[in-house]
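# Architecture and fold: a report
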Amino acid sequence: MRIAIISPASLPATQFGGILFVAVNIAKIAAKEKHQATIYTTDLDFANNATTFNKNLPREEDVDNFKIKRSHVWFSKKLFFVNPGMFLQMLNDDYDVIHSIGIRSFQSLIGAIISKIKKIPLVISDEGGLTTHPDLKKDFASTVLYKLQTPILKFIINQASAVIAANEYEKKIFSEFCDETKIVIVRNGVDLDILNTEKIDIKKKYNIDSFILFLGRFNKVKGIDVLINAINLIKNHSEFKKTQLLIMGVDFGYEKEMLRLIDEYKLQDKIKVVKNPSRKEVISAYNESEFLVLPSRWELSPLTPLEGFAFKKPVISSNVHGIPYTVTHNVNGILVEPENHNELANAITELLTDKNKRLAYGNAGYHLVDSICNSTIMSKETLKVYEKTISG
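Residues numbered from 1 in each chain as written. Predicted model: local features only at pLDDT ≥ 70, side-chain atom pairs only at ≥ 80, totals over all residues. Heavy atoms only, no water.

### So, empty space enclosed by the protein
Short version of the rule: Definitions used for this entry: grid spacing 1 Å over protein atoms alone; cavity, a set of points where a 1.4 Å probe fits but cannot get out; pocket, an open set with protein on both sides within 12 Å along at least 5 of 7 lines; lining residue, one with an atom within 4 Å of a point. Grid points are joined across faces, edges and corners, and a volume is the space filled by probe spheres set on the points. Only DSSP runs of H or I reaching four residues or more are called helices, and only runs of E reaching two or more are called strands; each is numbered from the N terminus. Lys, Arg, Asp and Glu make up the charged group, whereas Ala, Val, Leu, Ile, Met, Phe, Trp, Tyr, Cys and Pro make up the nonpolar group; the residues left over, Gly among them, are polar.
Counted according to the given criterion, the structure contains 2 cavities of 30 Å³ or more. Looking at the largest cavity, its volume works out to about 70 Å³. Lining the largest cavity we find 13 residues, and of these Val 22, Ser 125, Glu 127, Ile 164 and Asn 188 sit closest to its centre. Only helix H1 (18-32), strand S9 (162-165) and helix H13 (375-391) provide two or more residues apiece to the lining of the largest cavity. Here the lining of the largest cavity is composed, by residue class, of 7 nonpolar, 4 polar and 2 charged. The volume enclosed by the second largest cavity comes to roughly 40 Å³. Surrounding the second largest cavity, Phe 80, Ile 103, Arg 104, Ser 105, Gln 149, Ile 152 and Leu 153 form its lining. With 3 residues, the top contributor of residues to the lining of the second largest cavity is helix H4 (residues 140-159). When grouped by side-chain class, the residues that make up the lining of the second largest cavity number 4 nonpolar, 2 polar and 1 charged.

### Considerations on the sheet that holds strand S1 (residues 2-6)
For clarity, the cut-off: In this description, strands pair whenever DSSP reports at least two bridges between them. Axis geometry follows a simple rule: fit a line to the C-alpha atoms, using only the stretch in contact for helices, then measure angles between N-to-C directions, giving values from 0 to 180 degrees. Any two residues whose heavy atoms approach within 4.5 Å are treated as being in contact.
Overall, mixed pairing links the 8 strands, which are arranged S3-S4-S2-S1-S7-S8-S9-S10 in an open sheet. What marks the edges here is a single partner per strand, and that holds for strand S3 (60-63) and strand S10 (183-185). With direction set aside, neighbouring strand axes in the sheet form an average angle of 25 degrees. Strand direction decides the pairing type here: strand S7 (residues 97-101) and strand S8 (residues 122-125), joined by 4 bridges, are parallel. What sits directly across from Ile 101, in S8, is Ser 125. Together, S1, strand S2 (36-42), strand S4 (66-71) and S7 form the strand contacts of helix H2 (residues 85-92), whose direction differs from that of S4 by roughly 140 degrees.

This is how it looks when you write it as structure tokens:
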């Protein structure tokens, strides 16, 4: 098959998150299966923030036997990147199927238009919440953009031959827009090759001993404030004496408030913040952490817990939205009620004081990614969806 994969961002902008990794992993496995895969994307490089676009990135690049084709972003509003050059790239190329990932995007609109013009089947998946993400309506500008995008979303979904949902939670969201017979569940998966990635000594580099890990965007949606409040409750507990919280991520509007809270509670000796970490630092942090703490107010089908599971690390997270489809309470982690820093503090203490529980939960997490939620299975299931749409 000749496969066109559409994503708002691709390499080297790894800090963009889940959409990027889903697209790259599918392209990588498709190439291994002797298909021709091309990712059509922007020139986001995420050097310092989510709006750094680099004209010096190659317009076309070969990576792991698949291609990345970039076009420059003329302007952006929040995470809506406008790169009109992608239209001509796709119009002039030949392929058998289009897969658009992250459909609340300019790139997905182009994909749907090209699908209609060239009469090529379109497969879509979102990974972004579609209608449920809190940031979609957090202020007036966001609400206006949300309403303007609604008819575009409907056009894209109607144009699609198949809709891929990551779990039952996302399937329910899509079912408000289309018939359920159009929806196929394909679980998200992570690339287990990360286990073989070259690592550095994170503890030595940042002068820390034992640590628990938060990895994610510096955004209030991620529950960083709840986590800091939880750490403030247990900072003087004996079991937390030799342990620190390592916060790694990129600013999405909450960094200033996060640092203010850390200063207000005088937690500088208990919390270490690493801004704009490299992928090697992220992998190394997974490897050396005791466990992950991700108290998000919202997630659809998060990849960070799965990457932690790959390193046999349990996860503490919130019992909300799509998270329970990845983190199972008292099996591979602990789920707490969102916004509840007391319950979160108790969960952190529980795992810190019970090594056997950490090992059991970590092994259960690894079993999940080894048997189901890995990029090979995810990609092969996605390829089946492509084949079915092509055959009609």
